[in-house]
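Overview (structure and organization)
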Amino acid sequence: MPSSEIYQENGAIQITPASTNPKITERNMWNIFRTCGRDDQQGAVAGEYIAKNFKDKKIAILHDKTTYGQGLADETKKTMNSKGMREVLYEGINKGDKDFSAIVSKIKASGADLVYWGGLHTEGGLLVRQMRDQGVATVIMSGDGITSDEFATIGGPGVEGTLMTYGPDPRKRAEAKAVVEKFRAKNFEPESYTLYSYAAVQIIKQAAEAANSLDPKKISETIKSGRKFPTVIGELSYDQKGDITRLDYVMYVWKKDTGGKVTYVEINQ
């Protein structure tokens with residue numbers, strides 16, 4: 001958010017592939033867009049899933065105190081609370097921490113059936129590993145911050161069964177096939193937000209061509225015109241705030257694929 005203000009002062013357009021906090025596009029700025037969804041949408045999907053599938057269970061909510069992690073946890077909590085569910089534990093940890101024994105003890109004492117984690121794969125993976133090491137088999141749920149194979153590497157086999165919200169896997173889209181093949185030919189796996197980044201560049205290119213101008217404000221006006229942009233993550237159009245107009249979150253579970261690798265797979269809700 002601070003960088004976007006500097007870009008605006010200097011007349012630069014910005015499209016972020018992964019900044020999901022709602023405030024990003026709520027500041028009445030002409031220059032900021034995103035190709036991903038928002039945490040209030042993502043939190044709603046997570047909160048609805050919890051209310052539907054863990055109705056009479058105990059829920060613990062943890063976050064990493066960051067704008068992203070706490071913001072996502074709070075949006076999930078808000079939706080869950082609106083459905084009449086109350087958490088048994090709400091705690092923040094410090095980003096960069098490596099010892100979670102105290103928080104694991106609190107999870108164990110709370111009797112939680114589900115731990116919602118608002119944060120990234122680094123601390124999330126360590127949290128899962130230390131929970132399993134202490135004999136806590138509680139189901140974990142998190143958001144798009146753990147969409148990296150590093151989550152399973154750090155967390156170990158105990159990450160199996162972890163639930164996660166994320167957009168429909170862009171690597172599986174027909175529009176992405178050729179680009180994904182090019183990435184893989186260079187031994188690079190375009191996971192997480194790689195293709196969202198690629199789409200951002202595609203949108204700038206198409207908007208500049210449509211506006212017949214490299215003037216950032218004219219490009220911005222074109223993006224906000226309602227025009228549909230074909231991209232590797234599907235067709236995107238924008239509202240006046242700079243948000244995409246489609247809902248972009250579904251539920252995943254981490255499990256072994258046919259080759260025995262633990263990764264995330266979309267599930268039918």
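Let me sum up the structure you'll find in this document. Given the structure is predicted, the values throughout are model-derived calculations rather than measurements.

On to the pattern of salt bridges, then. Inspection of the entire model under this criterion finds 16 salt bridges. When the shortest N-O distance is used, the salt bridge between arginine 27 and glutamate 5 registers 3.5 Å. Here glutamate 5 lies in helix α1 (residues 2-9) and arginine 27 lies in the loop between β1 (14-16) and β2 (32-34), a separation of 22 residues in the sequence. For arginine 27, a relative accessible area of 24% puts it in the partly exposed group. By relative accessible area, which is 38% here, glutamate 5 ends up partly exposed. Here the salt bridges share partners, and the residues they tie into one network are Glu26, Arg34, Arg38, Asp40, Lys241 and Asp243.

A few words on unusual backbone geometry. Its identity is not glycine, yet lysine 65 carries a phi of approximately 65°, on the positive side. Its place among the elements puts lysine 65 in the loop between β3 (59-63) and α3 (67-82). Overall, the relative accessible area of 46% leaves lysine 65 in the partly exposed class. At asparagine 187, a position not held by glycine, the phi torsion is positive, near 60°.

Once that is clear, we can look at the sheet that holds strand β11 (residues 262-266). What the seven strands build is an open sheet, ordered β4-β3-β5-β6-β7-β10-β11; its pairing is mixed. Only two strands of the sheet have a single neighbouring strand rather than two, namely β4 (89-92) and β11. Strand after strand, the sheet turns through a mean of 25° between neighbouring axes, direction not considered. Sheet strands touched by helix α2 (residues 39-53): β3, β5 (114-118), β6 (139-142), β7 (163-166) and β10 (250-256). Its angle to β7, the strand with the most contacts, is close to 150°.

The rules behind the values
- Residues numbered from 1 in each chain as written.
- Predicted model: local features only at pLDDT ≥ 70, side-chain atom pairs only at ≥ 80, totals over all residues.
- Heavy atoms only, no water.
- Salt bridge = Lys/Arg side-chain N within 4 Å of Asp/Glu carboxyl O.
- Helix = DSSP H or I, 4+ residues; strand = E, 2+ residues; numbered from the N terminus.
- Buried < 20%, exposed > 50% of the residue type's maximum accessible area, 1.4 Å probe, protein only.
- Pairing = 2+ DSSP bridges.
- Axes fitted to C-alpha atoms, helices over the stretch in contact; angles between N-to-C directions.
- Contact = heavy atoms within 4.5 Å.

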